[in-house]
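# Inside the fold
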Amino acid sequence: MNLPKPDRRSFLRAAAASAAGFGLLPEVLAGGGRVQGLPGEGGKNLVLVQLSGGNDGLATVVPYGDDELRRIRRSTAHKASELLKIDDYRGLNPGLGALRGRFDQGQVAIVEGCGYPEAVRSHFKSYEVWHTAHRAGRISGDGWIGRLAASRWADEPRPDRVVHFGGKAPYSLFSRKQPPVALASPTGYRWFGDEEAYARGGAAICEHEMERDPRHVGRDGALDKLRATLDDARESSGRIRGAAAIYRTSVEYPKTRLSAELRDVAALVNARSGTQIFSVSDNGYDTHSKQRQAHDRKMGELGDALGAFLEDLDRSEAGRDTVVLVFSEFGRRVAENGSSGHDHGKAGPMFLLGHSVKGGLYGAHPSLTELDAGDLAFTTDFRSVYATLIRGLFGADPVAVLGAEYPPLPLI
Amino acid sequence: MIQLQPSAAVVRTLLALLCTTGISLAGGAPLDASPARPVTGGGEVEGSVPTAATELVDIPWDRRAVEHVWNRAGFGIRDEDVDAWVEAGPRALVEYLVRPRPTVGEGAWVPYEYERLPYSAEEYNRASGDEKRELRKRRNRWYRDQFAALREGWIESMLAGDDPLRDRMTLMWHGVFTSSLETVKRPALMIEQHNTIRSQALGSYSALLHAMLEDPALLVYLDNDDNRKGRPNENLAREVMELFSLGEGNYGEVDIREAARSLTGAGVAPALDVATYRFNPKRHDDKPKVILGVRGNHGPADLADILLGQPACADYVARTVVEYLEGVSATEERVEEYAALLRETGYDVGYLVERVLLDPRFYRDEVIGARVASPVDFLVGSAIRLEADLPAAFIVEAAADLGQDLFQPPNVKGWDEGLAWITTSTFMMRGNIAGAIVGAVDIETLRADASDMMEMSGTMDEMGPMTGKQKRKAEGQQVKRYEVAGLATILRRVKYEPSSMEARVVRDARAGSDREVVALLTQRLLAIEPPTETLQMLEVQLRAIREKYEVEEADMPRFRRKNQRVFHEFTHLVLSLPEAQLH
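Residues numbered from 1 in each chain as written. Chains lettered and ligands numbered in written order. Predicted model: local features only at pLDDT ≥ 70, side-chain atom pairs only at ≥ 80, totals over all residues. Heavy atoms only, no water.

## Focus: the overall build of chain A
Per the secondary structure count, chain A includes 13 helices and twelve strands. Taking all 412 residues of chain A together, 60% fall into the buried category. Sequence separation of 24 or more characterises 74% of the internal contacts of chain A that already satisfy a separation of 6 or more. Just so you have it, chain A exposes about 15,000 Å², and 50% of that area is on carbon and sulfur atoms. (Helix = DSSP H or I, 4+ residues; strand = E, 2+ residues; numbered from the N terminus. Buried < 20%, exposed > 50% of the residue type's maximum accessible area, 1.4 Å probe, protein only. Contact = heavy atoms within 4.5 Å. Areas by Shrake-Rupley, 256 points an atom, 1.4 Å probe, with all protein chains shown as cover.)

## Comments concerning the packing of helix α20 (residues 392-401) of chain B against helix α21 (residues 424-437) of chain B
Residues and elements named next belong to chain B. Where α20 contacts α21, the axes come no closer than 10 Å and their chain directions differ by 165°. Accordingly, the angle class assigned to the pair α20 and α21 is roughly antiparallel. Every pair of crossing elements has a handedness; the one defined by α20 and α21 is right-handed. Of the residues in α21, those in contact with Phe394, Ala398 and Asp401 of α20 are Met429, Ile433, Ala436 and Ile437. Split into classes, the residues belonging to the contact of α20 with α21 amount to six nonpolar, no polar and one charged. (Axes fitted to C-alpha atoms, helices over the stretch in contact; angles between N-to-C directions. Parallel < 35°, antiparallel > 145°, perpendicular 65-115°, else oblique. Left-handed = near helix turned anticlockwise from the far one by under 90°. Nonpolar A, V, L, I, M, F, W, Y, C, P; charged D, E, K, R; others polar.)

## A look at the nonpolar core
One finds Met169, Trp173, Met241 and Phe394 of chain B to be the most contacted residues of the largest nonpolar core, which totals 230 residues. Among the elements that make up this core, the one with the highest residue count is helix α16 (residues 311-326) of chain B (nine residues). With sequence-adjacent residues up to four places away left out, Met241 of chain B is seen in contact with Leu246, Gly247, Tyr251, Asp255, Ile256, Ala259, Ile291, Leu292, Leu303 and Leu307 of chain B. Core analysis: the next-biggest nonpolar cluster, separate from the first, contains 39 residues, Cys114, Ala149, Val323 and Leu389 of chain A among them. (Core = buried A, V, L, I, M, F, W, Y, C linked by side-chain atoms within 4.5 Å.)

## Observations regarding the packing of α16 of chain B against helix α18 (residues 349-357) of chain B
Residue and element names in this part refer to chain B. α18 packs onto α16 with a crossing angle of 45° between their chain directions and a minimal axis gap of 11 Å. With respect to their mutual orientation, α16 and α18 come out oblique. The crossing of α16 and α18 is right-handed. Facing α16, whose interface residues are Ala318, Val321, Val322, Leu325 and Glu326, α18 presents Val349, Leu352, Val353 and Val356. Residue composition of the contact of α16 with α18, grouped by class: eight nonpolar, no polar and one charged.

## Topic: the layout of surface pockets
Taken as a whole, the second largest pocket spans an internal volume of roughly 990 Å³. Residue lining of the second largest pocket: 34 residues in total, with Lys125 and Arg135 of chain A together with Asp223, Asn233 and Asn235 of chain B positioned closest to the centre. Elements with a minimum of two residues in the lining of the second largest pocket: α5 (123-132) of chain A together with α9 (181-184), α12 (216-221) and α13 (235-245) of chain B. No other element matches α5 of chain A, which puts four residues into the lining of the second largest pocket. Partitioned by chemical class, the residues of the lining of the second largest pocket number eleven nonpolar, seven polar and 16 charged. (1 Å grid on protein atoms, 1.4 Å probe; cavity = no way out; pocket = protein on both sides within 12 Å on 5 of 7 lines; lining within 4 Å. Points joined across faces, edges and corners; volume = space filled by probe spheres on them.)

## Observations regarding the pattern of salt bridges
Two side chains with opposite charge may pair up if their charged atoms get near one another. Under the defined criterion, the tally for this structure stands at 78 salt bridges over all chains. Taking the shortest distance from any N to any O, the salt bridge between Asp264 of chain A and Arg481 of chain B comes out at 2.6 Å. Here Asp264 of chain A is found in helix α9 (residues 257-270), whereas its partner Arg481 of chain B is found in the loop between α24 (468-480) and α25 (485-493) on a different chain. On the accessibility criterion, Arg481 of chain B (14% relative accessible area) is buried. Here Asp359 of chain B and Arg334 of chain B are joined by a salt bridge, their closest N and O atoms 3.8 Å apart. Placement of the pair is Asp359 of chain B in the loop between α18 and α19 (375-386) and Arg334 of chain B in helix α17 (residues 332-344), with a sequence separation of 25 residues. With respect to burial, Asp359 of chain B and Arg334 of chain B carry one shared label: buried. When salt bridges that share partners are traced, they join Glu326, Arg334, Glu337, Asp359, Arg361, Arg364 and Glu366 of chain B into one network. (Salt bridge = Lys/Arg side-chain N within 4 Å of Asp/Glu carboxyl O.)

## Concerning the interface of chain B and chain A
At the junction of the two partners, chain B supplies 73 residues and chain A supplies 67 residues. Counting each side, the surface lost to burial between chain B and chain A is near 6,200 Å², with a carbon and sulfur contribution of 58%. For the salt bridge of Asp223 of chain B with Lys125 of chain A, the shortest nitrogen-to-oxygen distance reads 3.3 Å. Counting across the chain B and chain A interface gives 22 residue pairs in polar contact (both at pLDDT 80 or more). Broken down by secondary-structure element, the contributors of at least two residues to the side of chain B that touches chain A are α9, α13, α21, α22 (443-456), α23 (459-463), α28 (532-549) and α29 (561-576) of chain B. At nine residues, the largest contribution of residues to the side of chain B that touches chain A is made by α22 of chain B. For the side of chain B that touches chain A, a count of residues per class yields 29 nonpolar, 20 polar and 24 charged. (Buried area = accessible area lost by both parts, 1.4 Å probe. Polar contact = N/O pair within 3.5 Å; in protein donor to acceptor, adjacent residues only side chain to side chain.)

## Notes on the confidence of the model for chain B
Predicted confidence across chain B gives a mean pLDDT of 89, with 87% of residues reaching 70 or more. In the predicted structure, residues 1-53 of chain B sits below a pLDDT of 50 and forms 89 contacts with residues beyond four places in sequence or in another chain. (pLDDT = per-residue confidence, 0-100.)

## Section: the pairing of strand β2 (residues 274-279) of chain B
All names here are of chain B. Note: strand β1 (residues 266-271) against β2, six bridges, orientation antiparallel. Note that in β2 the partner of Ala269 across the bridge is Thr276. Here β1 hands over to β2 after two residues, with Leu272 in that stretch at a positive phi of 55°. (Pairing = 2+ DSSP bridges.)

Put into structure tokens, the structure is as follows:
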């Protein structure tokens, strides 16, 4: 059954009005040029891009200057001439052209050899470590972003402070106190029906103080909270959908799911809709066989998506206040397996992108000969990057969030 | 066909049978009651609990109380079955719930049996590289199907209401002794764990704790397979104390270390797709340990006994059970009272549940209608009340979307109950799922919304001129990004027909006014009594919906297609409201 036309139209009007309500007019974002002087709260934003499956660091930031590489990786190593060279030791994967250009502009920080002690090679277990910042994984409690949100915004909770695009949110966002909004897409973040009728189920129902019956004391206490949630839901739905609905950009995004999600992120960032932490993820990095082809394709998709996204973020102050963090649960084995692929390994690089980043190389490229059980030995604990972001972007105490002290990096 | 709650007639027959014969309905079903369990049939109860006579007087036994019991001890009740239970009284209802069920078909208590892979380990080992890849694909499909059978079978059992209290308590224990397929990998182990929990869900906690320390899924989930002499892994030892038996603050770090030593060597022996419990004496540290002050050469079973002997253990189990059923924190006094009961009966959980359900305090105003329904409660309960013939696969997926992914909990703490279920996104999602259930939200609704959004946003312009076909394709891609799209697709695949319960009820009652229809349908659809302000608001909304479809107030009881639409849209709204999230 289809919803009757008038409802949809009135919803769309409501969404646009609500978008305008936080100081946004469609014309502002309509043009392709710079977005200027948007009102709304300032503050930095963080976008997490998760490469699921275990991204091969040695095919991402390639140490072509080390002869060992082509000796060990006969079928999967790139030729020096194929790479986008950074210096006489390392070059970026040919798919990461967009990042190479920005590296020279000082907008790309590469932290090499990121990992943690006693690394595990299970996708799920290793993600637990990356998501909680604790070696013990989920047993330690909420995700690191969840803990950050609960500690940084304890007094100013906001339902859409942390948003994940693309279905189920990763555990890093898990929080009892400040749960994230998990969206398949911003357009789906609504109640489908007559929104005005729905609104009357919220706190507005009690505008005229009702006589409270002691017989229903339990129910009424719970209803108060749920009605407040309904109001929050409608308000944040209006903001998120409104921002997405009126968003216009001249930037051409590639036709991939990751790109579509990043475009949605850009819509919310550039509108300063109030969301400060965004999360997206892409899969296909579990390259056990015929890695060269598969991984280069993924790098191309990633590079193109990030290229468009960063260009889109260039257009506004909010965009320039945004840092993108690219990470994966582990790197891959240094040696090839029998199928021209690489099995699960340990350390790998992290990327931080944006105008707020002090670009350059951080940490140290792991040795190709002094290995940790056949894997690259990590040279920087990934939690140092977290600690840097926690303080540098949000002014929160990294020890309170991470439960331990990790030396920060000078990259913000 | 889904069989719902027992009809009033069946209930009456059953009660007559109970009253006249006083015999058990258990038939051939195994009975795992501990010998210490007091006989409850005669009305005399021993111990510190008030006698049955005073309780029954103090329980405000009415429709609200009956529904409360079914909400908390089962998964909801159809409105027309309520009155029979009001008439029957609390004792009859509670006895009906706790009584072991007659064996329906083969082994009703253990309905999910794992079927072994159709190839052997030898065959796999002999296979070539390419063949191995094929076999692995086949195995993954096999695993997926077996896992689906487990999850859907359980939901079907809840919908059928054949053994509601057992399903309820199994769900509780699944959140306590929890494990996740994501870590365990083999569905066979999850099925075995489920069956073990199910068989002891209303039995002895002592037996359950012992069984869980030998449960392959739990041992894998908490890494005890890696716990060996000289290289202890404390994961299981810590969780068994913190989450399974004592609660934080009732043990020290030394106890965890010592307990971990007692668990060394307790692992699993995998065989292709299954794994059995294996105690490896070579990996076991058989030196003396001191756990919670008890010295000895303890092994896993000794650890369980030591824990069961701790005063904190009965407190923890009592608190867990009563707080789960009531949905509010329990007073120390309540906990102590119930803990004493557990100790007296050798940890008989079934008896504890029975006492809670017959305790007037279970019916107090702070408790009734105050708990946020879990996704499973919301979905199964709505299906029962609405008489919706929903495929179990839909409920499994919808519950997962709402945060209750059965057999894949977020972490070892299981799920947080109550308000934690509700976020802005899950709240609206519940409403959209309700929309799908009544047919008001389907792929076409989403397509229309996608089209509007694309028109409003720049995406249409960015794509340049398009043919109608291209536009439809672009919309289709956009529709896939709506969360509820996957669920709507499941319903479309099975040619699901929304329930026509509302129209039938309105017709039967000849309800010809908005007020009557609102009263009638909210009573049917909600698990709680709605507040007056909600009824008044809904009256206004029903009128608006009627006017939209041009249905006169007096014409509501008539059989007309557009009436159905009015009722479906009304039900969609009702099930999306805060009131529908409580039970």
